[in-house]
Structure formats: C-alpha cells, structure tokens
Amino acid sequence: MFSARRLKPGAWDQFRQAWDPGDSRPPGLERVYHARNIRDEDEVISFGIFDMTEDQYRAWRSEADAQENDRVDHLSAFVEHEPVSGVYEVIETLDE
C-alpha cells in the first residue's frame, strides 16, 4: 500500500496519530515507512509492506471496509492533497 500526500501546514503529528490503525492492523503487515521530503516537511509518502496475496487483501478489505474508511476519513482532515494512493503488487525486487 502506498500513498503520497501533501499535509496541511504543520499537521504531521495530528496526521500520524490519526493514521495509526492501533490494534486493527491488517493481516500480513510486515513494516510501515513514513518519509518526508527533506525540502518540504508537509510532503509525506507512506508505504506498508505486506505478505499477503491479492485474494487475502480483498478478503480483509471486505471485512474491514467500514473501519478502514473511517480511519482514512479521520486522517484526511490533516491532508491538503493526495495525488497518489493505492495497493500495488510487487513485480520485481532488486538487491545490491
């Protein structure tokens, strides 16, 4: 899962608190990264790494849809613009 967002000025702390799913983390979650643009702290990308199939994702999403929509609605109060957001399948990895 990946998203790129422009936060409202100075809203990082509120956004981060609203973003946290608490105990309702999706199955297969391995790690989450939040990264800020070093030239603009209100530009944030977030991505979660999951070990799950597309079918498992769709099953979780159908079970947790209302709760996930509520979480996203809550964090959207701190977002100015979200040009990119989605669930992506890894098709290639490169190691050193």
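Visitor: Run through the packing of aromatic side chains, naming residues and quoting values.
Guide: Ring pairs (aromatic) are described by centroid distance and by the angle formed between their planes. For the coordinates displayed, the defined rule picks out five aromatic pairs. Measuring from centroid to centroid gives 6.3 Å for F2 and Y88, while their planes differ by 80°, and the two rings are edge-to-face. Within this pair, whereas F2 is found in strand β1 (residues 2-7), its partner Y88 is found in the segment after β4 (79-86), the two being separated by 86 residues in sequence. Residue F2 is classed as partly exposed on the basis of its relative accessible area, which comes to 27%. Ring geometry for Y57 against W60: centres 5.9 Å apart, planes inclined by 50°, an arrangement best described as tilted. Within this pair, Y57 and its partner W60 are both found in helix α2 (residues 54-75), separated by three residues, close to a single helical turn. Each member of the pair Y57 and W60 is classed as buried. Put simply, the rings of F2, Y33, F47 and Y88 pair up and form one aromatic cluster.

Visitor: Describe the nonpolar core, and please don't skip the residues or the numbers.
Guide: Grouped together as the largest cluster of nonpolar side chains are 10 residues: L7, A11, W12, F15, A18, W19, V44, L75, F78 and V79. Of all the elements, helix α1 (residues 12-19) adds the most residues to this core, at four residues.

Visitor: Requested: an account of the environment of F15, with residues and values cited.
Guide: Along the chain, the position of F15 falls in helix α1. As for F15 and H74, which are separated by 59 residues in sequence, their C-alpha atoms are 8.8 Å apart. If sequence neighbours within four positions are ignored, F15 has contacts with R5, L7, S46, L75, F78 and V79.

Visitor: Let's hear about the confidence of the model for the protein chain: which residues, and what values?
Guide: In this model, the protein chain carries an average pLDDT of 93, and 100% of its residues clear a pLDDT of 70 or more. Within the protein chain, the element-level pLDDT minimum falls on α2, averaging 91, and the maximum on β1, averaging 97.

Visitor: Account for the sheet that holds β1, with residues named and values stated.
Guide: One open sheet holds the four strands; their spatial order is β2-β3-β1-β4, and the pairing between them is antiparallel. The open sheet has two edge strands with one neighbour each: β2 (29-37) and β4. Within the sheet, the average angular offset between the axes of one strand and its neighbour, ignoring direction, is 15°. Pairing of β1 with strand β3 (residues 40-50), which is carried by five bridges, proceeds in the antiparallel orientation. In the sheet register, R5 faces β3, and the bridge partner there is V44.

Procedures and definitions
Residues numbered from 1 in each chain as written. Predicted model: local features only at pLDDT ≥ 70, side-chain atom pairs only at ≥ 80, totals over all residues. Heavy atoms only, no water. Phe/Tyr/Trp six-rings, centres within 6.5 Å; stacked < 30°, edge-to-face > 60°. Helix = DSSP H or I, 4+ residues; strand = E, 2+ residues; numbered from the N terminus. Buried < 20%, exposed > 50% of the residue type's maximum accessible area, 1.4 Å probe, protein only. Core = buried A, V, L, I, M, F, W, Y, C linked by side-chain atoms within 4.5 Å. Contact = heavy atoms within 4.5 Å. pLDDT = per-residue confidence, 0-100. Pairing = 2+ DSSP bridges. Axes fitted to C-alpha atoms, helices over the stretch in contact; angles between N-to-C directions.

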